[in-house]
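If you want the building blocks of each chain, they are given just below.
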Amino acid sequence: MKNVITLDIGGTNIRAALWSLQDNKMSIIKKTKEPTGPSPLEIIKNSISHLLEDCKGEISIVGISVAGIVDTQEGILLTSPNIPKLQGVNFRKVLRDDYGLQCIIENDGNAAAYGEKILGVGREFENFVMFTLGTGIGGGIIINGNLLSVTAEIGHISINSEGAQCPCGNIGCLETTASATAVISRAIAEIERGADSILKATYNGNFYKMNAEDIYRAALEGDTLSRTVLKDAGRNLGIGIANVVNIFSPQAVILTGGLIGAWNIYVEAAIKEASRRALKELINRVKIVPSQLKDDAGLTGIAYIAAKI
Ligand SMILES: [Zn+2]
């Protein structure tokens, strides 16, 4: 039996899994999840060491899915606005020097799209674009059943010519207006400006600790500020979706990430905006659907890419 270790490294969490590969089928033996925190490389090494303890057979390869622009040939993370501490890390060298293991690396949005194509809702479509809506916004594109080997940095398409500063250096990127980070920052800024909201009382008044789920919960309780913030972010996401639909004319747009929990507010606003903006012939035939694999999409995609099955 062969084994594969995969990691999905994002701005908030680092997920890892040990897989067994038998008869061209992968199954998870063990999974871990740790906050990315201030020392992500240490967390990555600890996760790998932890999984190796439970590994009975040989490890054939380690697959790394990471948020940022990657050099797949050399195994280097070239740029990562949301995990700057990992920028420039040569994963192939780290895995070889520390563990004697081979490694492949892929952008996390691409890995998630591929995972969804292999085992998720993407099985129904030959052409789709995946949006990963988390700390930042990533993407992956499947054309004619195959992963398009491009950066697909959908989060960094410009939405607002005068918008907020993005960690990538540009202003007004999609992720500055539609990501979980953007939703939280906007809610905090509005409260600081004196807006009334039940969020003020969260965490005993330390509302700076709020997360996107708190905002969604408040919205469901009728909190006007929370509803407005989610709807506005959704509208901006809709602009991004419209742009992508106009370029790729996909059969589907698949959405994943914590924010899609707020489907009836955030995503509904996005669908409305995308319908208003994209070319009618194209948007009318697009299905906008949630991911089936959710948090496991990236781990799954990179496992199948690594195992080449
Ligand atoms: Zn950007």
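From a predicted model like this one, the values you see are computed outputs, not experimental measurements.

Our focus in this paragraph is the overall build of the chain. Within the chain one finds 10 helices and 12 strands. Dimensions of the chain, computed from the C-alpha atoms along their principal axes, are close to 55 × 50 × 35 Å. Burial statistics for the chain: of 309 residues in total, 51% are counted as buried. Restricting to contacts in the chain with at least 6 residues of sequence separation, those with at least 24 account for 64%.

Right, let's get into the sheet that holds strand S4 (residues 58–66). Taken in spatial order, the 5 strands line up as S3-S2-S1-S4-S7 in an open sheet, and their pairing is mixed. Two strands in the sheet have a free side with no partner beyond their single neighbour: strand S3 (25–35) and strand S7 (103–107). Strand-to-strand twist across the sheet, computed as the mean angle between neighbouring axes with direction ignored, equals 20°. Two strands pair when backbone bridges link them, and strand S1 (residues 2–9) and strand S2 (residues 13–22) are joined in this way by 8 bridges, in the antiparallel orientation. Within the sheet, the bridge partner assigned to Asn3 lies in S2 and is Ser20. Running at roughly 150° to S7, helix H2 (residues 91–99) makes contact with S4 and S7 of the sheet.

A rise of 1.5 Å per residue sets the reference length of helix H3 (residues 108–119), with its 12 residues, at 16 Å; its end C-alpha atoms lie 16 Å apart and thus fit the reference within 8%. For H3, the buried fraction is high: 10 of the 12 residues fall into the buried class.

A few words now on the environment of Thr151. You can see Thr151 is positioned in the loop between strand S10 (146–147) and helix H4 (174–178). Residue Thr151 is classed as partly exposed on the basis of its C-beta count, with 17 C-beta atoms lying within 10 Å. Residue contacts for Thr151: discarding those within four places in its chain leaves Ile69 and Asn107.

Looking at where Val62 falls in the secondary structure, it is placed in strand S4. In this structure Val62 comes out as buried when scored by C-beta crowding, with 26 C-beta atoms within 10 Å. Spatially, the C-alpha atom of Val62 lies 9.1 Å from that of Ile302, the residues being 240 residues apart in sequence. In this view, Val62 contacts Ile5, Leu95, Leu101 and Cys103; residues no more than four positions away in its chain are not counted.

This part is about the pairing of strand S11 (residues 252–256). Most of S11 is tucked away: 5 of the 5 residues are buried. Side chains of S11 alternate between two faces, with Ala252, Ile254 and Thr256 and Val253 and Leu255 buried alike. Bridge count between strand S8 (residues 128–133) and S11: 5 bridges; the pairing is parallel. When the sheet's bridge partners are listed, Phe131 is paired in S11 with Leu255.

What follows concerns the domain arrangement of the chain. The figure often quoted for interface size is the accessible area lost as the parts come together. Domain parsing of the chain yields domain 1 (2–113 + 295–307) and domain 2 (123–291). A C-alpha centroid distance of 26 Å is found between domain 1 and domain 2. Listed as interface residues are 14 residues of domain 1 and, on the opposing side, 17 residues of domain 2. The biggest single contributor to the side of domain 1 that touches domain 2 is H3, with 5 residues. Among the residues making up the side of domain 1 that touches domain 2, the classes are represented as 6 nonpolar, 7 polar and 1 charged.

Moving on, we come to unusual backbone geometry. Glycine aside, a negative phi is what most residues show, and trans is what most peptide bonds show. You will see that Asp23, though not glycine, has its phi angle at about 50°, which is positive. Residue placement: Asp23 occurs in the loop between S2 and S3. What makes Asp23 exposed here is the crowd of 5 C-beta atoms within 10 Å. For Ser249, which is not glycine, the phi dihedral falls at a positive 35°. With respect to the secondary-structure elements, Ser249 resides in the loop between helix H7 (224–248) and S11. Ser249 gets classed as partly exposed once you count the C-beta atoms within 10 Å, which come to 15.

This part is about the nonpolar core. If you look at soluble globular proteins, the nonpolar side chains tend to sit buried side by side. Counting 98 residues, the largest nonpolar core has Val183, Ile215, Leu230 and Val253 as its most contacted members. With 10 residues, the single largest contributor to this core is H7. Formed jointly, this core draws a minimum of three residues from each of two domains, domain 1 (2–113 + 295–307) and domain 2 (123–291). Apart from residues lying up to four places away in sequence, Ile215 is in contact with Val183, Ile184, Ala187, Leu199, Met210, Ser226, Val229 and Leu230.

Within the secondary structure, Leu230 sits in helix H7. By C-beta crowding, Leu230 is classed as buried, having 27 other C-beta atoms within 10 Å. For the pair Leu230 and Ile188, spaced 42 residues apart in sequence, the C-alpha separation works out to 13 Å.

Rules of the game
Residues numbered from 1 in each chain as written. Predicted model: local features only at pLDDT ≥ 70, side-chain atom pairs only at ≥ 80, totals over all residues. Helix = DSSP H or I, 4+ residues; strand = E, 2+ residues; numbered from the N terminus. Buried ≥ 20, exposed ≤ 12 C-beta atoms within 10 Å, placed from the backbone. Contact = placed C-beta atoms within 7 Å. Pairing = 2+ DSSP bridges. Axes fitted to C-alpha atoms, helices over the stretch in contact; angles between N-to-C directions. Expected span 1.5 Å × (residues − 1). Domains from an automatic or database assignment. Nonpolar A, V, L, I, M, F, W, Y, C, P; charged D, E, K, R; others polar. Core = buried A, V, L, I, M, F, W, Y, C linked by C-beta atoms within 7 Å.

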